[in-house]
Amino acid sequence: MRMFLLGASLAALISLAGPAAAETESYVVIANGERVGHLTAEVEGSQVEIDYAVSNNGRGPKAQERITLGPDGVPVEWSIKGSSLFGNAVDERYAWKDGEAAWKSAPDEGEVEAAAPIFYVPADASPWIEGQFARVLLKAPGQTLPVLPSGSLKLEKVRDVTLGEGSRAKALTIYEMSGIDLEPGYVVLEADGDLFALPGAGVVREGYEAELQALRDMNRDLAMDRAKAARDKLAHSFDGPVRIADVRVFDPLTMKLGAPSDVLIEGDRIVSVTAHGAARPAAGETVIDGQGGALLPGLHDMHHHTSLSSALFNLAAGVTAVRDQGNENEALLEWTKLLEAGEIAGPRIVRNGFLEGRSPYSARHGFIADSLEEALKDVEWYHEHGYWQIKIYNSFNPDWVAPVIEKAHALGMGVTGHVPAFSSPDRVIFEGYDDIAHVNQLMLGWILEAGEDTRTPLRLTGMARGANLDLSSPRVRETVEAMKTHDVALDTTAVILERLMLSRSGEVNPGDAPYLSHVPIGYQRYRKRGFVSLYGPDDDRAYRQGFQKVLDTLKLLDDEGVLLLPGTDDGTGFTLLRELELYVKAGIPAGKTLRLATYDMEAYFGREAELGSIEAGKLADLILVAGDPTADISDIRKTRMTMVGGVAYFPAEIYEHFSIEPFAPPPPVRPAQAD
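Heads up: these notes are all about the structure in this document. (Residues numbered from 1 in each chain as written. Predicted model: local features only at pLDDT ≥ 70, side-chain atom pairs only at ≥ 80, totals over all residues. Heavy atoms only, no water.)

With that settled, consider the overall build of the chain. Within the chain, the regular secondary structure consists of 17 helices and 34 strands. Since a compact globule built from 675 residues should have a radius of gyration of about 26 Å, the 26 Å found for the chain is in line with a globular shape. Dimensions of the chain, computed from C-alpha atoms along their principal axes, come out at roughly 75 × 70 × 55 Å. Considering only intrachain contacts with a sequence separation of at least 6, the fraction spanning at least 24 residues in the chain is 63%. (Helix = DSSP H or I, 4+ residues; strand = E, 2+ residues; numbered from the N terminus. Rg over C-alpha atoms; globule rule 2.2 N^0.38 Å. Contact = heavy atoms within 4.5 Å.)

Right, let's talk about the pattern of salt bridges for a bit. Applying the stated criterion to the full structure yields 47 salt bridges. Where Asp 491 meets Arg 323, a salt bridge forms, and the shortest distance between an N and an O atom there is 3.3 Å. One end of the pair, Asp 491, is in strand S29 (residues 489-491); the other, Arg 323, is in strand S23 (residues 319-324), and 168 residues separate them in sequence. Across the pair, exposure class does not vary: Asp 491 and Arg 323 are buried alike. With its nearest N and O atoms 2.8 Å apart, the salt bridge here joins Asp 453 to Arg 455. Across the pair, Arg 455 and Asp 453 agree in class, each one buried. Here the residues in one salt-bridge network are Glu 34, Arg 358, Arg 364 and Asp 370, joined through shared partners. (Salt bridge = Lys/Arg side-chain N within 4 Å of Asp/Glu carboxyl O. Buried < 20%, exposed > 50% of the residue type's maximum accessible area, 1.4 Å probe, protein only.)

It is worth spelling out the sheet that holds S29 at this point. Sheet strands pair by backbone hydrogen bonding; their relative direction is either parallel or antiparallel. Pairing within the open sheet is parallel, and its 3 strands lie in the order S28-S29-S30. The open sheet is flanked by strand S28 (435-437) and strand S30 (564-565), the only strands paired with a single partner. Here 3 bridges tie S28 to S29, and the two strands are oriented parallel to one another. Paired with Asp 435 across the strands is Ala 489, a residue of S29. (Pairing = 2+ DSSP bridges.)

Time to look at the packing of helix H11 (residues 494-501) against helix H14 (residues 574-585). Remark: H11 packs on H14, axes separated minimally by 8 Å, with the N-to-C direction vectors making an angle of 95°. When the axis of H11 is compared with that of H14, the two are roughly perpendicular. Within the contact between the two elements, H11 uses Ala 494, Val 495, Glu 498 and Arg 499 and H14 uses Thr 575, Arg 578, Glu 579 and Leu 582. (Axes fitted to C-alpha atoms, helices over the stretch in contact; angles between N-to-C directions. Parallel < 35°, antiparallel > 145°, perpendicular 65-115°, else oblique.)

Evaluated as defined, the whole model comprises 21 aromatic pairs. Among the aromatic residues, those joined into a ring-pair cluster are Trp 78, Tyr 94, Trp 103 and Tyr 120. We note Arg 351 situated over the ring of Tyr 387; from NZ or CZ to the ring centre the distance is 5.0 Å. (Phe/Tyr/Trp six-rings, centres within 6.5 Å; stacked < 30°, edge-to-face > 60°. Lys NZ or Arg CZ within 6 Å of the ring centre and 35° of its normal.)

The residue after Leu 148, namely Pro 149, is reached through a cis peptide bond having omega 5°. The backbone of Gln 143 sits at a positive phi, close to 50°, despite the residue not being glycine. A positive phi angle is found at Met 255, which is not glycine, with a value near 65°. You can see Met 255 is positioned in the loop between strand S17 (242-251) and strand S18 (256-266).

What follows covers the side chain of Asp 435. Relative to the elements of secondary structure, Asp 435 occurs in strand S28. Relative accessible area serves as the criterion here: at 0%, Asp 435 is assigned to the buried category. In this structure the side chain of Asp 435 is engaged in a polar contact, spanning 2.9 Å, whose partner is the side chain of Arg 323. Separated by 2.4 Å, the side chains of Asp 435 and Thr 416 make a polar contact. Not counting residues up to four positions away in its chain, the partners in contact with Asp 435 are Arg 323, Gln 389, Val 415, Thr 416, Gly 417, Val 488, Ala 489, Leu 490, Asp 491, Leu 565 and Tyr 604. (Polar contact = N/O pair within 3.5 Å; in protein donor to acceptor, adjacent residues only side chain to side chain.)

So, in C-alpha cells, the structure goes:
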C-alpha cells in the first residue's frame, strides 16, 4: 500500500542530542515481585542495539533490535528479530531514506512519502522504545506527533518525584502517553531524559528494583484517579423511579422475548414488569424509551482478570458481573471495595484466589506456594478475605490438589483452575474440582501423551492435534461421564482458542472483524498478528480443524448436560460477545446461550434469588439491546444501555471516552410528562 501523510513535519522538531559516548542501559522486568526478564540497550551515538527477553507463565517475547536514530531522535533504520509472546517468529523492519518511509511487520507492511523521518510504531519491539517516544515528544509542538502506520502520540506531564536515598536518589518525572492503544500508559524518565521505568510493564532500571513498587503504587493511584473521574462522567443516577418503556423482556426460563413491556425501577431494584402502556408514567419518573428493543439480564464473564479499564469496557459490552480468575490480591480487594461503594464503575466482581506452584514456568499472580503447608495457609488467607473459589494453576504440584480441595471445601469455597502439568482432567474431576478453566485444558487430556509438559506453550499449540480427535472415543466418553457424575462445569474461553488457533499474520480474525475498525490503530495492528507458527498448508489446516473440534466439544458437553460457563480471559468486553457467538456457531441455540450468560451464571454463584432475571424485587442489573439477540446472537453487539444496581451507563459514551467509535446510540431519556 502507499499513503501520503499531511500535518506537522518532524523536520520542524528541535533536534535531540543523542548519547555522547557508548553507554549501556540495563533494565529488569518484574512480575508480582519476581524477576522474569531483562532489557539491555547498548547506545553509541546514533546506534542502538537491544537485547530483550521475558519468561513468565511459560511464555514471553524476545527481541534483538538494531536501531539507527536520526538527528532528531526518530529512528531512520530499525530491524527487530526474535519471537512474540507465544513463540511466533518475528522479523520486522523499518527504514526512512530519500523522502520515503517503508516498513514490514507481522500485521502489515507499507510505504509513505515523508520529507523527514516519521516515528514508526513497531508491532514487536521491546519496551525501550517507549522512552525514546517520550524523549522525542518532549520536543514536539504540543508534545504531540504523527506516527506510522497512522494515528498520533501525545505526552502529558503528570508529576515529579524523587526515589531512593543519598547518592542513589533519582529525580524523576512521570508522563502519560496516549493515542495509539485502547488506554494510555505511563513512562518515567530521569532528569537527563533517559528511561527509568515503565511501571505498567514492570520494567525498571537495574539496581532500582526496590523502587518499582513505589512507582507502581503511583501508577495505580493515577489510574484510580482516572477511573473515579470516568465514573463521575459516565454514570447516570436518577432521582425518583425510572421507567424503561417499550421493551421486550428476555425470560431466561423460556429463553424467549416477551410482549412489549415497561419495567419500573426504584433505587437499585426492579419494582414491576407490566404491559407496555398499561399505566401512564407518573410525575417524577424518568422515562428511558427502549424503542422496542430487547431488555436482558446483564451478561457474565466467568473468566476475567480485572483492571480499572476493563471494568468500563465490560460495562460497554453489557457485562454486569465477572468472575476474577487471578489478580494482584491487594489491588483486587481495593477495586471490589470501591465498586461496592460506588466510587468507580464496573461489573460486580466474584473473587477467585490464584494459587500457583514454584517452577521455572510459574505465573506471577496471587500466591506461589513452595510447599503444601504454605498452599493451605494461602487457602485460609483467601477465605478470610472473602474469596469465593480457589483457582489452581499449571505448576501446582498434582499431589497437593486433593488436600487443597479438601481444605477449600471445608471452608465453604469452591475450586477451579487449569489441570496442573502431569495431572489429568479425570484426576482433578475425581479429586473435587467444581469446574475446569479453559476448554483446551479439558481437551488436552484427550490429545496429549503422558509426560508432555503443559506449563509451556504446548497447552495452546498442542490443540492443533485436535483435528484428529474422535469425540466418541472411550477416552472422551469417560471424562464426559465423570463431569456429569461429579457435576463439574467447564469455563470455556473458546474465544481465546479462536484468537490463537486462527490467528494469521496480516489478517483480521473473524472474532475481531465486527469491531476492529472502530478502535485505535495500535490495537488494530496487535489484533492482526499471528500467534502460531505455520510451516505449510498442513499446519494451517490442522489448526482450523482443531478449532472446529473445540466447537464440537462445546456442543457435545451442552447436549450431555454439562454446564458451560462463558468466559474470555480478556478485558475488552468485545471477546465476551464473540464467546456467545461461538456458542451459537457450535450449534447451541441463541436463547440457550443467553440463558447461560445470564441466569445460569447467577444460579452457579447461588445468587439467582437476587439476580439473573428481570423480575419484581430483584436487583436492576440489565442491558438494553437493539434488535433481537434470540434470533440473531450478533445483535448482542448493539447494546444501548447497561444498568448495574439501577445506575445506567450508555456504551456509546464509554466508547467515546476511550476514543472508540460507538456501535449503537443511547436510548432517549426524558422526564415523565405530568397529567
